[in-house]
Amino acid sequence: WRFYRDLNGQIWASAPKLHKYDSLSKRFIPVRYTNTTEDIYTFGITGDKHGQLFTKADVIGNSGIAMFDTRTDQIHQFFPKLDDPYSLKDGGLNLNLFIDRSGILWTNYMASSGSGSTVTLYNPNKVIRHYVDYLPIRNRTNDLVIPSIHVDDSTNVWIGTQTSALIKYNPIKIIIIAEAF
């Protein structure tokens, strides 16, 4: 189970579907979407200042990101599109979801084979940008695996790698600093 407390104090959980905590019954209740009856399996959860929740979503073999609007109980899904380089990456396992202070959602996908990762951002203007695994790091192999991402209060994106380096990326100044270990 992954948990998230929104700005109104509501507790949400994802495992294996989206749930909302009911303080009267002291139980997590499955969320009923108003715009679909599909079974959407959710893993990981975070939210933004507009009351939207973001999770990794799996629906009948497709993996992507789902955005749930807590005001309307509608869920919107974003899946990879083979002919669209600006869509989500295909065939990957989404590991982390973080929203920075400017409202940009950062996530990373690890290739199904376990070799290589892609850092992806999604901003409110529906733009998806990928930062692929050929970042400038000395003394590393081609299989840069990214198990963690964190966005700090200065909007620096810290990318932890499994074997090679700690990467600090500043999207405002477009600066990448990588330290090999």
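Note that the structure is a prediction, hence the values are computed from the model and not measured.

About the criteria used
Residues numbered from 1 in each chain as written. Predicted model: local features only at pLDDT ≥ 70, side-chain atom pairs only at ≥ 80, totals over all residues. Heavy atoms only, no water. Pairing = 2+ DSSP bridges. Helix = DSSP H or I, 4+ residues; strand = E, 2+ residues; numbered from the N terminus. Axes fitted to C-alpha atoms, helices over the stretch in contact; angles between N-to-C directions. Phe/Tyr/Trp six-rings, centres within 6.5 Å; stacked < 30°, edge-to-face > 60°. Buried < 20%, exposed > 50% of the residue type's maximum accessible area, 1.4 Å probe, protein only. Contact = heavy atoms within 4.5 Å. Salt bridge = Lys/Arg side-chain N within 4 Å of Asp/Glu carboxyl O. Core = buried A, V, L, I, M, F, W, Y, C linked by side-chain atoms within 4.5 Å.

### Topic: the sheet that holds strand E6 (residues 52–59)
- Pairing in this open sheet of 4 strands is antiparallel, and the strands run E5-E6-E7-E8 from one edge to the other. Looking at which strands have only one partner, the edges of the open sheet turn out to be strand E5 (41–47) and strand E8 (74–78). Neighbour-to-neighbour, the strand axes of the sheet open up by a mean angle of 25°, direction not taken into account.
- Inspection of the sheet shows E5 paired to E6 by 6 bridges, in the antiparallel sense. Looking at E6, one finds that Phe43 is bridged to Lys56.

### Considering the sheet that holds strand E4 (residues 27–30)
- Strand order in the open sheet formed by 4 strands is E1-E2-E3-E4, with antiparallel pairing between adjacent strands. Where the open sheet ends on each side, the last strands, each with one partner, are strand E1 (2–5) and E4. With direction set aside, neighbouring strand axes in the sheet form an average angle of 30°.
- Bridge count between E1 and strand E2 (residues 11–14): 4 bridges; the pairing is antiparallel. The residue of E2 that forms the bridge with Arg2 is Ser14.

### Structural notes on the packing of aromatic side chains
- All told, the structure shown has 4 aromatic pairs when counted by the stated rule.
- With centroids separated by 5.8 Å and ring planes inclined at 65°, the aromatic side chains of Trp12 and Phe68 adopt a geometry described as edge-to-face. With Trp12 in strand E2 and Phe68 in strand E7 (residues 62–69), the pair connects residues that are 56 residues apart, well separated along the chain. With respect to class, Trp12 is no different from Phe68; both count as buried.

### Examining the environment of Ile45
- Residue placement: Ile45 occurs in strand E5.
- Taking the C-alpha atoms as reference, Ile45 lies 6.4 Å from Arg2; in sequence the two are 43 residues apart.
- In this view, Ile45 contacts Arg2, Phe3, Tyr4, Trp12, Ala13, Ser14, Leu18, Leu53, Phe54, Thr55 and Leu97; residues no more than four positions away in its chain are not counted.

### A look at the pattern of salt bridges
- Evaluated as defined, the whole model comprises 3 salt bridges.
- Notably, a salt bridge pairs Lys17 with Asp39, separated by 3.0 Å at the nearest N-O pair. Taken together, the residues span a long stretch of sequence, with Lys17 in the loop between E2 and strand E3 (18–22) and Asp39 in the loop between E4 and E5 at a distance of 22 residues.
- We classify Lys17 as partly exposed; its relative accessible area is 28%.
- Using a relative accessible area of 43% as the deciding quantity, one classes Asp39 as partly exposed.
- Between Arg71 and Asp69 there is a salt bridge; the shortest N-O distance is 3.4 Å.
- Note on Arg71: relative accessible area 58%, which makes it exposed.

### Details of the nonpolar core
- Counting residues in each nonpolar core, the largest one holds 13 residues, and the members touching the most others are Trp12, Leu18, Tyr33, Leu53 and Phe68.
- Those elements that provide at least two residues to this core are E6 and E7.
- The leading source of residues in this core is E6, at 3 residues.

### Side note on unusual backbone geometry
- In this model, Lys26 sits at a positive phi of 60°, which is unusual for a non-glycine residue.
- By secondary structure assignment, the location of Lys26 is in the loop between E3 and E4.
- Not every positive phi belongs to a glycine, and Asp73 is a case in point at roughly 60°.
- Here Asp73 lies in the loop between E7 and E8.

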